[in-house]
Amino acid sequence: MPEASSVSSLRERKKADTRTRLSVAAVELLVRHGEEGATVAAIAERAGVSTRTFHNYFARREDAFLQFVHDQVAQWATQVDNAPADMPALRVLHDILKEAYTRPEDDIVALGNLVVLGERIEILLGPEKRPSIEDLLGPLYEAVHRRMEHGTEFRARLTVVLSMAATGAALRKHASRREGDSSLADLIDEAFEILARGVGT
């Protein structure tokens, strides 16, 4: 007979898996079919559960969208923690964001889709209920701070914010590109080179 702790652990893993499946289903439907297609019933069906099960995990579909964002940021924080010890934080963020930005457009983890998701969450939740950037990016700020030997908390936050801004600028430049312009990957590399050298140089 299995021990109580292993049964409890298995139950927690199953619950975490269901929560993840629901949040992924919610975002896939939102990205591909818009708000109208991302109903609670459609999300539950896509995840292979009942609407009652959906409500055991999330009060609203917006909570499932937010869960997806929290999970993605937590994954980035883990990547920061697991990167080689001698790799500077800025380089780690460069690699993470470049990989996310250069994913195919139909990949829900492509950063362009995450940006759209963030904008839609803001609209759906309204100004009173929308999460703050601090709430969403907190784990990433903390992971970058842990990597900085002598860096302050402010420096860690600034590094994350500037990295995201630089990547966003590269994406906007790429969107208005003309034939012969640099690829998105090259623009991201250039943006981070400028950050590393200092914008004033």
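The structure we're discussing is the one just above.
Residues numbered from 1 in each chain as written. Predicted model: local features only at pLDDT ≥ 70, side-chain atom pairs only at ≥ 80, totals over all residues. Heavy atoms only, no water.

With respect to the overall build of the protein chain
- Scanning the protein chain from N- to C-terminus turns up 9 helices and 0 strands.
- Helices (α) and strands (β) of the protein chain occur, in sequence order from the N terminus, as α-α-α-α-α-α-α-α-α.
- The burial tally for the protein chain puts 37% of its 201 residues in the buried class.
- Taking all contacts inside the protein chain whose residues are at least 6 apart in sequence as the whole, residues at least 24 apart take part in 60%.
- Accessible surface computed for the protein chain: about 12000 Å², of which carbon and sulfur atoms make up 52%. (Helix = DSSP H or I, 4+ residues; strand = E, 2+ residues; numbered from the N terminus. Buried < 20%, exposed > 50% of the residue type's maximum accessible area, 1.4 Å probe, protein only. Contact = heavy atoms within 4.5 Å. Areas by Shrake-Rupley, 256 points an atom, 1.4 Å probe, with all protein chains shown as cover.)

Some remarks on the packing of aromatic side chains
- Counting across every chain of the model gives 1 aromatic pair.
- Their ring planes at 50 degrees and their centres at 5.7 Å tell us that Phe54 and Phe58 sit as a pair that is tilted.
- Residue Phe54 is classed as buried on the basis of its relative accessible area, which comes to 0%.
- We classify Phe58 as buried; its relative accessible area is 4%.
- The lysine or arginine in question, Arg19, covers the ring of Phe58, its NZ or CZ lying 5.3 Å from the ring centre. (Phe/Tyr/Trp six-rings, centres within 6.5 Å; stacked < 30°, edge-to-face > 60°. Lys NZ or Arg CZ within 6 Å of the ring centre and 35° of its normal.)

Structural notes on a nonpolar patch on the surface
- Taken together, the side chains of Phe154, Leu158 and Leu162 make up a nonpolar region of the molecular surface, amounting to roughly 300 Å² of accessible area.
- Considering the arrangement of structural elements, one finds Leu158 in helix α8 (residues 153-175).
- Among the residues examined, Leu158 registers a relative accessible area of 36% and is labelled partly exposed. (Patch = residues over 30% accessible without salt bridge, like charges linked within 9 Å, V, L, I, M, F, W, Y side chains within 5 Å. Salt bridge = Lys/Arg side-chain N within 4 Å of Asp/Glu carboxyl O.)

Here we look at α8
- With 23 residues, α8 ought to run about 33 Å at 1.5 Å a step, and its terminal C-alpha atoms sit 33 Å apart, in line with that.
- For α8, the set of buried residues is Ala156, Thr159, Val160, Ser163, Ala166, Thr167, Gly168, Ala170 and His174. (Expected span 1.5 Å × (residues − 1).)

Some details on the pattern of salt bridges
- A full pass over the atoms with the stated rule returns 8 salt bridges.
- In this structure, Arg21 engages Asp17 in a salt bridge whose closest nitrogen and oxygen atoms are separated by 3.3 Å. Highlighted residues: Arg21 and Asp17, both in helix α1 (residues 4-37), separated by 4 residues, approximately one helical turn.
- Here Glu28 and Arg46 are joined by a salt bridge, their closest N and O atoms 2.7 Å apart. A residue pair is termed long-range when its members are at least 10 positions apart, and Glu28 in helix α1 and Arg46 in helix α2 (residues 40-47) qualify at 18 residues.
- Given the relative accessible area of 19%, Glu28 is considered buried.
- Its relative accessible area of 42% is what places Arg46 among the partly exposed residues.

Remarks on the environment of Gly48
- Here Gly48 lies in the loop between α2 and α3 (51-57).
- Along the primary structure Gly48 and Ala25 are separated by 23 residues, whereas in three dimensions their C-alpha atoms are 9.6 Å apart.

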